[in-house]
Amino acid sequence: MGQPRKYASAAEKMQAYRQRKALALAELRTKADALAQPPKIVEKVVEKIVTVPAKRSAQKLTKSSHPAIWPTDRQRIMTEQFSHYHGGEDAAKRMGRNTKMAATAVLEIKKLLDSLPYEKRLVMAADIESLEQAASVLNSYTDALGVAQREAAFAREVRDSKHQREQEARIAATVLQLFGGSPDPLVITSMATDLVAFTTEIKSWARQQHGVDKALMDIDEFEIKQALHNRNVTILAKAVAKARLQLPLRGERHETKEGLWWHGGWEDFMAWRAERKTV
């Protein structure tokens, strides 16, 4: 007589096989998880530590319990930082490029793990999930940084426009202070000509007045010379006013490896000019 049939049907046999397979895989994963944990001290005998691997459930790891951070929060924070504090549009562009590269690298690793056989995928399940989450976060930051880049560019344009308006107001006020409400073209031209001359004369003048080795006037000579050449008195008055705003009121002495320097101020120019008139 033949041996009695162990399974009533092929379906029952397949079901039993699947159960054995599932138990074997669960045991494999439990062992892999235990190896990843530090050993737990369970007994100490005559100063010899006996350890066994710490076991944990083979249950799939859950997502982070930290409060959810919405993409809109990331976008708002990145926009605030790069529009006002953290380097502007160029920095946002560079960081956005870096996060995109990082997300690509993470996804490449995940793709590699996804291609493993089923048993190995189970062992690496926690890493696969973490990589998937990391790629999602990095891609979210890439999008947020793209928005931050555009917002930072707009914020810079607004700041530049405001600065330009404020600078124009300061220049107009300085023109009024220097030349009055009805500027005389001859007075403007005379002061501009003397200012250009003093940028050269200050070297010998400061040596005599302050006993220094070298001296300079930190102004935009080219703009004044160009306005003198074009004989545009309006632009010339603004160029002189800008020079006045660029200069400190009083000159300063600085000691360097090259010797003593004198950085000229507006009062130096006015004193030199007054001396020329008395000669």
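Everything below is about the structure shown above.
Attention here is on the structure that accompanies the text. (Residues numbered from 1 in each chain as written. Predicted model: local features only at pLDDT ≥ 70, side-chain atom pairs only at ≥ 80, totals over all residues. Heavy atoms only, no water.)

1. Description of the nonpolar core
Consideration 1: Counting residues in hydrophobic clusters, the biggest one holds 29 residues, and the most contacted among them are L195, I224 and F269.
Consideration 2: For this core, the secondary-structure elements that each account for two or more residues are α5 (125-179), α6 (185-210), α7 (221-230), α8 (233-246) and α9 (266-278).
Consideration 3: The element that contributes the greatest number of residues to this core is α6, accounting for nine residues.
Consideration 4: Non-local contacts of L195, meaning those with residues more than four positions away in its chain, are made with M217, I219, I224, V240, A243, W266 and F269.
Consideration 5: Among the nonpolar cores identified, the runner-up in size contains eight residues, and F82, A92, A144 and A148 belong to it. (Core = buried A, V, L, I, M, F, W, Y, C linked by side-chain atoms within 4.5 Å. Buried < 20%, exposed > 50% of the residue type's maximum accessible area, 1.4 Å probe, protein only. Helix = DSSP H or I, 4+ residues; strand = E, 2+ residues; numbered from the N terminus. Contact = heavy atoms within 4.5 Å.)

2. Some details on the packing of aromatic side chains
Consideration 1: Across all of its chains, the model carries five aromatic pairs by this definition.
Consideration 2: Where F198 meets F269, the ring centres are 5.9 Å apart and the plane angle is 45°; that geometry is what we call tilted. On the criterion of sequence distance, the pair formed by F198 in helix α6 and F269 in helix α9 is long-range, its members being 71 residues apart. No difference in accessibility class separates F198 from F269, as the two residues are buried.
Consideration 3: Look at F269 and W272: their rings are 6.3 Å apart centre to centre, the planes differ by 25°, and that puts the pair in the stacked class. Of this pair, F269 and W272 both sit in helix α9, three residues apart, which is roughly one turn of the helix.
Consideration 4: On the basis of relative accessible area, F269 is assigned to the buried category, the value being 0%.
Consideration 5: Taking the relative accessible area as the measure of exposure, W272 reaches 6% and is therefore buried.
Consideration 6: Joined through ring pairs, the aromatic side chains of F198, W205, W266, F269 and W272 make up one cluster. (Phe/Tyr/Trp six-rings, centres within 6.5 Å; stacked < 30°, edge-to-face > 60°.)

3. A look at the packing of α6 against α7
Consideration 1: With their axes 10 Å apart at the nearest point, α6 and α7 run at an angle of 140° to one another. Classified by the angle between their axes, α6 and α7 sit oblique to one another. The way α6 lies across α7 gives a crossing that is left-handed. Residues T189, A192, T193, L195, V196 and T199 of α6 touch α7, and the partners they reach there are E221, I224, K225 and L228.
Consideration 2: Classifying every residue of the contact of α6 with α7 by side-chain character gives five nonpolar, three polar and two charged. (Axes fitted to C-alpha atoms, helices over the stretch in contact; angles between N-to-C directions. Parallel < 35°, antiparallel > 145°, perpendicular 65-115°, else oblique. Left-handed = near helix turned anticlockwise from the far one by under 90°. Nonpolar A, V, L, I, M, F, W, Y, C, P; charged D, E, K, R; others polar.)

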